Amino acid sequence: MGSLDANPAAAFSAFAADGKVPFQPLNPEDVRAYLHKAVDFISDYYTNIESMPVLPNVKPGYLQGELGASPPTYSAPFDVSMKELRTSVVPGMTHWASPNFFAFFPSTNSAAAIAGDLIASAMNTVGFTWQASPAATEMEVLALDWLAQLLRLPTTFMNRTSSGRGTGGGVILGTTSEAMLVTLVAARDAALRRTGSVGVSGLPRLTVYAADQTHSTFFKACRLAGFDPAHIRSIPTGPETDYGLDPAKLLDVMQADVDAGLVPTYICATVGTTSSNAVDPVGAVADVAAMFNAWVHVDAAYAGSACICPEFRHHLDGVERVDSISLSPHKWLLTCLDCTCLYVRDAHRLSDSLETNPEYLKNDATDSGEVTDLKDMQVGVGRRFRGLKLWMVMRTYGTAKLQEHIRSDVAMAKMFEDFVRADDRFEVVVPRNFALVCFRIKANGGMTEEDADEANRVLMDNLNKTGKAYLAHTVVGDRFVLRFAVGSSLQEERHVRSAWELIKKTTSEIID
């Protein structure tokens, strides 16, 4: 084999003897200087973001042309990287933190979360087992149990209770997709055991269920978990249930599958769907599932955070009868990506499917059964110190301010909804359950529904081209609908009012 140097030892000796300072990537003074500059950049970014176009005007591949197609051979001052960040990267960003961003469910953030994530990145712990970093595991367990209490989840979902270690537990994952995937795997294995399957021979008989408003990632996760696409049931919804899952339809479909020799295995109920913000009736879905011994997972990625407010908690009624629930504080609870909290009522059902126990990870703490090894509740083994930022958010702001944050967003969304309803050119397509308003230019006079669809497409495109607002669309009931999602951490009432004025002006240019 060839070598970069025929005598590496000699090369190192020559390097060490030439008087140069050895490479020190964690030189304490560099850490201090670089992070001070990074923090200044972040502070300036938030100060100026309102004046930046929400959507960038760049072409695919632009960054390679500006920063080069090959990595540099030699080092450069950190200031060079910061300059290129400002001149090349920032102009190509879609600014999710902009107060003029209304397109998707928010990606919220806060000073406490940023600080927590920075410290966690600096510590760079890999907490796959309790022993690998006791404080990282303990912090994650504590933060999840605190959040469970804010949500008033049953103690069966908690890692620790007043009487000791609970039967359930939680884990912080990257996204809802991961939460769906790991619970699908656990439900799959439980169904195979229940039916006496030899290995995975019974897998082709297993069926899963969700409403047609369920996030597309669910159907992707089902395929990854090995379910036959022909046995993934997407149950139609309509305005009669405000696009929520109809338990009667669910029962009919599941019974038909049983009659056909199939095995109902998993149901995904959603609290706050992406397209229409619909809410599936958790308790009623759990009652149907119990007839077939099927796993119920609640996807509350967006709206789950609202349930820390008592006036929204009823959307989780019946949660004590489901098997798992996940929500994402990185959407609406001021905790930066990535932070999806998964709770399961019986942690062993999850770990039985995901556990790994190689010799090099064996230790007395794990063998004692008194600790949680979070590697056994996720797909991978390695993991970040995610619990710190979530704990810092709750510890710094407290329940009252987090509730104030949610209520403020909902109030602004209601204000926008009132604006839409007061203008007879528009209609609100589905009820506003939280802080998302689904609206459209309605078919007026000689305008057909197809004409209205096209008018809404043009309205969205023209709004987004201004750089002063960013909206997205969906299709509900075969109609093209605009989504106005309130919730950016910097948003104030004036931004919502300004967006509405822009919408009215742009609409007049199109149809008046």
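Counting of residues starts from 1 at the beginning of each chain's written sequence and follows it residue by residue. For this predicted model, a pLDDT threshold of at least 70 governs which residues receive local features, and a threshold of 80 or more governs which side-chain atom pairs are given and counted, while totals over whole chains, interfaces and linings are taken from all residues. Heavy atoms from the whole structure form the basis of all side-chain values; hydrogens and water molecules are not counted.

**What to know about the pattern of salt bridges**
Argument step 1. A carboxyl oxygen of Asp or Glu within 4 Å of a side-chain nitrogen of Lys or Arg is what we treat as a salt bridge. Here the structure, examined in full by the defined rule, presents 31 salt bridges.
Argument step 2. A salt bridge links lysine 249 to glutamate 240; its shortest N-O distance comes to 3.8 Å.
Argument step 3. Given the relative accessible area of 56%, glutamate 240 is considered exposed.
Argument step 4. The residue glutamate 492 makes a salt bridge to arginine 494 at a minimum N-O spacing of 3.0 Å.
Argument step 5. Assessed through its relative accessible area of 42%, glutamate 492 is described here as partly exposed.
Argument step 6. In this structure, a network of salt bridges that share partners links the residues Asp117, Asp338, Arg384, Arg386 and Lys389. Using a 1.4 Å probe on the protein chains alone, a residue whose accessible area is under 20% of its type maximum counts as buried, one over 50% counts as exposed, and one in between counts as partly exposed.

**Focus on the sheet that holds strand E4 (residues 206-211)**
Argument step 1. Ordered in space as E3-E9-E8-E7-E6-E4-E5, the seven strands form an open sheet in which the pairing is mixed. Single-partner strands in this sheet number two, and they are strand E3 (169-173) and strand E5 (232-235). Sheet twist, expressed as the average angle between the axes of neighbouring strands with direction ignored, equals 20°.
Argument step 2. Judged from the five bridges that link them, E3 and strand E9 (residues 340-344) form a sheet pairing that is antiparallel. Following the sheet pairing, glycine 170 is matched in E9 by tyrosine 343. One requirement defines pairing of two strands: DSSP has to find at least two bridges between them. Only DSSP runs of H or I reaching four residues or more are called helices, and only runs of E reaching two or more are called strands; each is numbered from the N terminus. Only the contacting stretch of a helix is used when fitting its axis, a line to C-alpha atoms as for every element, and angles between N-to-C directions run 0 to 180 degrees.

**Some thoughts on the packing of aromatic side chains**
Argument step 1. Pairing of aromatic side chains here covers Phe, Tyr and the six-membered ring of Trp, requires ring centres within 6.5 Å, and sorts the geometry by plane angle: under 30 degrees stacked, over 60 edge-to-face, intermediate tilted. Across all of its chains, the model carries 21 aromatic pairs by this definition.
Argument step 2. Between phenylalanine 41 and tyrosine 45, the aromatic rings sit 6.2 Å apart at their centres with planes inclined by 20°, giving stacked as the arrangement. Taken together, the residues phenylalanine 41 and tyrosine 45, both in helix H2 (residues 28-48) and four residues apart, mark about one turn of the helix. With respect to burial, phenylalanine 41 and tyrosine 45 carry one shared label: buried.
Argument step 3. The criterion for a charge sitting over a ring is simple: Lys NZ or Arg CZ within 6 Å of the ring centre, and within 35 degrees of the ring normal. Sitting above the plane of the phenylalanine 105 ring, arginine 483 keeps its charged end 5.1 Å from the centroid.

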